[in-house]
Amino acid sequence: MSRSLWYYQTRRDDTEVIDKLQQLAEKYSRKGIDTYYKIIRREGLRWGRNRVLRVYRLMRLGFRRKGKRRLPARLKVPLAITEGLNKVWSMDFMSDALTNGRRTRVLNIIDEYSREALTVHPDYSIPAVSVINQLEILEQHRDLPDSFRLDNGPEFTCLEFTEWCRSKNIKINYIQPGRPMQNAYIERFNKTYREDILDAYLFENLEQLRILSDEWMKTYNNEIPHGSLNDLTPNEYAAKAVNSGKPATLKTQAGFTTINSHNSSSNSREKSKLALS
């Protein structure tokens, strides 16, 4: 080997290429080397393809990176007081765990006007199709609302759910990301449910959580006076609104009772099996 080859040090500086490829990768995260090179040439940069490809591979840009999920802009809207039953429903999810460590989720749905708990549905997983199923169960007993107030969770922003709402002529009011106070009604309800149920008991299985949640929902709607409802229960306030001519679309008076998807006939049999501490 010659002395000159032994001491040779490359003077190649790929800083500009690296910066440019990094910029393109951030802006067009789903594109590849072919698109990047075409953009580079259109901008008048005379780098050879082999050079760009070499740097592209060294930067490991061939491994597709998951682009950041971008939400459309959410407007900051003051939390208005709902003027009637079935005008606005709020929905939200909660998380907890069984004694064996398995995670559970709870879907809560309330009427913002009467504060009535419409659904408290625990399950291991609650995708958009399960949310739609719970709403269709409610639809069998009462009219659906004019609008939903929701956060930006994937269950509420996916195409399946939004298309279902569009087919039912239901408007979706999304809150701003990271601003749960814009959905204050359901957040306050979540706090009460967590204190009374999730933080008060240990559950060995999902059935125990469902049974106790159903019983708590009936008590909440029919027995517990609500300070913001003139010390009436949610069902009493809803009935008073109907009798006084407030806007409402309940199909029957029986519609004020709690509707859920669980088999209530098995509650009495299963209660004896609860091992809550």
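Residues numbered from 1 in each chain as written. Predicted model: local features only at pLDDT ≥ 70, side-chain atom pairs only at ≥ 80, totals over all residues. Heavy atoms only, no water.

**Side note on the sheet that holds strand β5 (residues 171–174)**
- Overall, mixed pairing links the five strands, which are arranged β3-β2-β1-β4-β5 in an open sheet. The strands lining the two open edges of the sheet, one partner per strand, are β3 (117–123) and β5. With direction set aside, neighbouring strand axes in the sheet form an average angle of 20°.
- Of the pairings in the sheet, the one linking strand β1 (residues 88–97) to strand β2 (residues 103–111) comprises nine bridges and is antiparallel in character. Counted as the bridge partner of Met94 is Val106 from β2.
- Strand contacts of helix α5 (residues 128–139): β1, β2, β3 and β4 (147–150), with the helix running at about 130° to β1, the strand carrying the most contacts. (Pairing = 2+ DSSP bridges. Helix = DSSP H or I, 4+ residues; strand = E, 2+ residues; numbered from the N terminus. Axes fitted to C-alpha atoms, helices over the stretch in contact; angles between N-to-C directions. Contact = heavy atoms within 4.5 Å.)

**Brief notes about the side chain of Asn152**
- Here Asn152 lies in the loop between β4 and α6 (154–157).
- Note on Asn152: relative accessible area 11%, which makes it buried. (Buried < 20%, exposed > 50% of the residue type's maximum accessible area, 1.4 Å probe, protein only.)

**What about the confidence of the model for the chain?**
- Summing up the model confidence of the chain, the mean pLDDT is 83 and the portion of residues at 70 or higher is 80%.
- The low-confidence segment residues 263–277, where pLDDT is below 50, has 21 contacts with residues more than four positions distant or belonging to other chains. (pLDDT = per-residue confidence, 0-100.)

**Things to note about the state of the cysteines**
- Enumeration according to the criterion identifies zero disulfides in this entry.
- There is no disulfide at Cys158, and the cysteine sulfur nearest it, in Cys165, is 9.3 Å away.
- Residue Cys165 is classed as buried on the basis of its relative accessible area of 0%. (Disulfide = S-S within 2.5 Å.)

**Focus: the pattern of salt bridges**
- Under the counting rule described, the total for this entry stands at 15 salt bridges.
- The shortest N-O distance in the salt bridge between Asp14 and Arg51 comes to 3.0 Å. Residue Asp14 is located in the loop between α1 (3–6) and α2 (15–27), and its partner Arg51 is located in helix α4 (residues 49–58); the two are separated by 37 residues in the primary sequence.
- Its relative accessible area of 13% is what places Asp14 among the buried residues.
- In this structure, Glu195 engages Lys191 in a salt bridge whose closest nitrogen and oxygen atoms are separated by 2.8 Å. In this pair, Glu195 and Lys191 both sit in helix α8 (residues 184–198), four residues apart, roughly one turn of the helix. (Salt bridge = Lys/Arg side-chain N within 4 Å of Asp/Glu carboxyl O.)

**Looking at the packing of aromatic side chains**
- If you walk through the whole model with that rule in mind, you get eleven aromatic pairs.
- Look at Phe189 and Trp216: their rings are 5.5 Å apart centre to centre, the planes differ by 65°, and that puts the pair in the edge-to-face class. In this pair, Phe189 is assigned in helix α8 and Trp216 in helix α9 (residues 206–222), connecting sequence segments 27 residues apart.
- When its relative accessible area of 3% is taken as the criterion, Phe189 is described as buried.
- Residue classification places Trp216 among the buried positions, given a relative accessible area of 10%.
- Among the aromatic residues, those joined into a ring-pair cluster are Trp89, Phe93, Phe148, Phe156 and Phe161.
- A cation sits over an aromatic face here: Arg49 above Tyr37, 5.9 Å from the ring centre. (Phe/Tyr/Trp six-rings, centres within 6.5 Å; stacked < 30°, edge-to-face > 60°. Lys NZ or Arg CZ within 6 Å of the ring centre and 35° of its normal.)

**Looking at the nonpolar core**
- Counting residues in each nonpolar core, the largest one holds 22 residues, and the members touching the most others are Met91, Val131, Leu135, Phe148, Phe156 and Phe161.
- Elements with a minimum of two residues in this core: β1, β2, α5, β4, α7 (159–167) and β5.
- For this core, the element with the highest residue contribution is α5, accounting for five residues.
- Apart from the residues lying within four places of it in its own chain, the contact partners of Phe156 are Met91, Asp92, Phe93, Leu107, Val131, Leu150, Asp151, Phe161, Thr162 and Tyr174. (Core = buried A, V, L, I, M, F, W, Y, C linked by side-chain atoms within 4.5 Å.)

**Focus on α8**
- Its 15 residues place the ends of α8 20 Å apart at the C-alpha level, agreeing with the 21 Å of an ideal helix rising 1.5 Å per residue.
- Among all positions in α8, only Tyr185, Ile186, Phe189, Asn190, Thr192, Tyr193, Ile197 and Leu198 are buried. Burial along α8 is one-sided: seen end-on, the buried residues are contained in an arc of 170°.
- Elements that come into contact with the buried residues of α8 comprise β1, β2, β3 and α9. (Expected span 1.5 Å × (residues − 1). Arc of directions from axis to C-beta.)

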